[in-house]
Amino acid sequence: MLTNEDNVIGFVVGGAYSKGTLVQLQNRVHEEIEVGYCVVAESGRGSYLMIVNDIIADSPGTAVTVNMARKPTFTKHLLSDILLTSKLNCIPIACASGDRVDEALTIPDYLSKCKLLTEDAAEAFYGKIDWQKRYPLGTIRPSEYSVPLDVSVMVQNSFGIFGKSGTGKSVLGNLLAAYILLYSKNSVLAGEDIPTTQLIFDMHSEYGLKLKTPSQTILAPGVAQSFPEEFKVYCVDHELVGEIEKEFKRGTLAKEFRIKKEKIEVEDIIALSELLKI
């Protein structure tokens, strides 16, 4: 089993792959569970990793006709257990069978026992952090398990970071840039791969200088400042170059980016004519 018996919260009572799996809570108050928690359902086929998408406090029509206010406390608890039910709507993410983990393409069977995710269960789905290829990305609720990101797989394909302002896109971007750098150095030292080169277009100086919140509060140094020997920073603004050299005082962290006029072609001028109003 992937999880401890103490973490049992209920069992599967229905659902649909397009809408989610319904889990009826047992010996649990739905206020103890939050949206975003992860649950493991154990069926005959394997273990399903699911994320809580919705919490439902349900009651049949007969419960509405019962005047609970006039009942003794003991009777209230008894009727609540009989008439009132709490369910979770869970989205299946992955299915683990033995050492194999695949995308969940179905839902767990009826009466599959469901348990809150533990660190051991999470490790069975995501693996271990090794600081060579797998690096910690964040925790998964309700456990404190740090989810590893396999950088060797990530750099083989295109990927994107999406989210509204203030959700941490730049923080994650700096973290991924640092992990790609560390992975590249480890791979070269081990003779396993060629170096991975990063080209970052930093429009707000969040990678080359300092990482800031939308209100301009400084959070941490940018990845180029943290690894000055590994990155070359170029600025089109010569005043910004001077500010960087004055602030950090450890050699030329940034250089002014200039293009020789001999390198400019007619096609470049045409492409920029509307922007430069020429």
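Our structure is the block above this text.
Model, not experiment: these values are computed from the prediction. (Residues numbered from 1 in each chain as written. Predicted model: local features only at pLDDT ≥ 70, side-chain atom pairs only at ≥ 80, totals over all residues. Heavy atoms only, no water.)

Draft legend 1. Summary view of the overall build of the protein. Looking only at helices and strands, the protein has 8 helices and 13 strands in total. Across the 278 residues in the protein, those meeting the buried criterion constitute 32%. For the protein, contacts bridging at least 24 residues in sequence account for 56% of all contacts bridging at least 6. Taken as a whole, the protein presents about 18400 Å² of accessible surface, with 54% of it coming from carbon and sulfur. (Helix = DSSP H or I, 4+ residues; strand = E, 2+ residues; numbered from the N terminus. Buried < 20%, exposed > 50% of the residue type's maximum accessible area, 1.4 Å probe, protein only. Contact = heavy atoms within 4.5 Å. Areas by Shrake-Rupley, 256 points an atom, 1.4 Å probe, with all protein chains shown as cover.)

Draft legend 2. The layout of surface pockets, seen in detail. Its volume calculated, the largest pocket comes out at about 1000 Å³. Lining the largest pocket are 31 residues, with Leu199, Ile200, Lys232, Val233 and Tyr234 sitting closest to its centre. Among the elements of the structure, helix H5 (169–189), helix H6 (223–226), strand E12 (233–235) and helix H7 (238–248) are those that each provide at least two residues to the lining of the largest pocket. Tallying contributions element by element places H5 first for the lining of the largest pocket, with 5 residues. Its residues placed into classes, the lining of the largest pocket shows 20 nonpolar, 6 polar and 5 charged. If you add up the space inside the second largest pocket, you get close to 470 Å³. His204, Glu206, Lys210, Lys212 and Thr213 are the residues nearest the centre of the second largest pocket, which is lined by 24 residues in total. Ranked by residues supplied to the lining of the second largest pocket, first place goes to H7 with 5 residues. Grouping the constituent residues of the lining of the second largest pocket by class yields 8 nonpolar, 9 polar and 7 charged. (1 Å grid on protein atoms, 1.4 Å probe; cavity = no way out; pocket = protein on both sides within 12 Å on 5 of 7 lines; lining within 4 Å. Points joined across faces, edges and corners; volume = space filled by probe spheres on them. Nonpolar A, V, L, I, M, F, W, Y, C, P; charged D, E, K, R; others polar.)

Draft legend 3. Examining the packing of aromatic side chains more closely. Applying the stated criterion across every chain yields a total of 4 aromatic pairs. Seen from their ring centres, Tyr234 and Phe257 are 6.3 Å apart, and the 75° between their planes marks the pair as edge-to-face. Linking Tyr234 in strand E12 with Phe257 in the loop between strand E13 (254–256) and helix H8 (266–276), this pair joins segments that are 23 residues apart in sequence. For Tyr234, a relative accessible area of 46% puts it in the partly exposed group. An aromatic cluster of three or more residues is present, and its members are Trp131, Tyr135 and Tyr179. (Phe/Tyr/Trp six-rings, centres within 6.5 Å; stacked < 30°, edge-to-face > 60°.)

Draft legend 4. Focus on helix H3 (residues 119–126). Turning to H3, its buried residues are Ala121, Ala122 and Phe125. Axial view of H3: buried residues confined to an arc of 100°, hence all on one face. In the core, the buried residues of H3 are packed alongside strand E3 (38–42), strand E4 (47–58), strand E5 (85–97) and strand E6 (100–103). Gly127 sits one or two residues past H3 and shows a positive phi near 90°. (Arc of directions from axis to C-beta.)

Draft legend 5. Here's a closer look at the pairing of E4. Bridge analysis of E3 against E4 gives 5 bridges, and the strand direction is antiparallel. Paired with Cys38 across the bridge in E4 is Ile51. Where E3 hands over to E4, the hairpin turn is made up of 4 residues, counted between the paired strands. (Pairing = 2+ DSSP bridges.)

Draft legend 6. Representation of the pattern of salt bridges in the model. Applying the stated criterion across every chain yields a total of 7 salt bridges. Between Lys115 and Glu42 there is a salt bridge, with the nearest N and O atoms lying 3.6 Å from each other. In this pair, Lys115 is assigned in strand E7 (residues 113–116) and Glu42 in strand E3, connecting sequence segments 73 residues apart. Under the relative-accessibility criterion, Glu42 is labelled buried at 12%. With a shortest N-O distance of 3.2 Å, Lys185 and Glu230 are connected by a salt bridge. (Salt bridge = Lys/Arg side-chain N within 4 Å of Asp/Glu carboxyl O.)

Draft legend 7. Structural detail: unusual backbone geometry. Of note, the bond from Arg141 into Pro142 is cis; its omega dihedral lies within 30 degrees of zero at 5°. On the secondary structure map, Pro142 appears in the loop between strand E8 (134–139) and strand E9 (146–150). Positive phi is not limited to glycine here, since Trp131 has a value of about 60°. Considering the arrangement of structural elements, one finds Trp131 in the loop between H3 and E8. For Ser205, which is not a glycine, the phi torsion comes out positive at approximately 55°. In this structure, Ser205 sits in the loop between H5 and strand E10 (210–212). The class of Ser205 is partly exposed, set by a relative accessible area of 22%.

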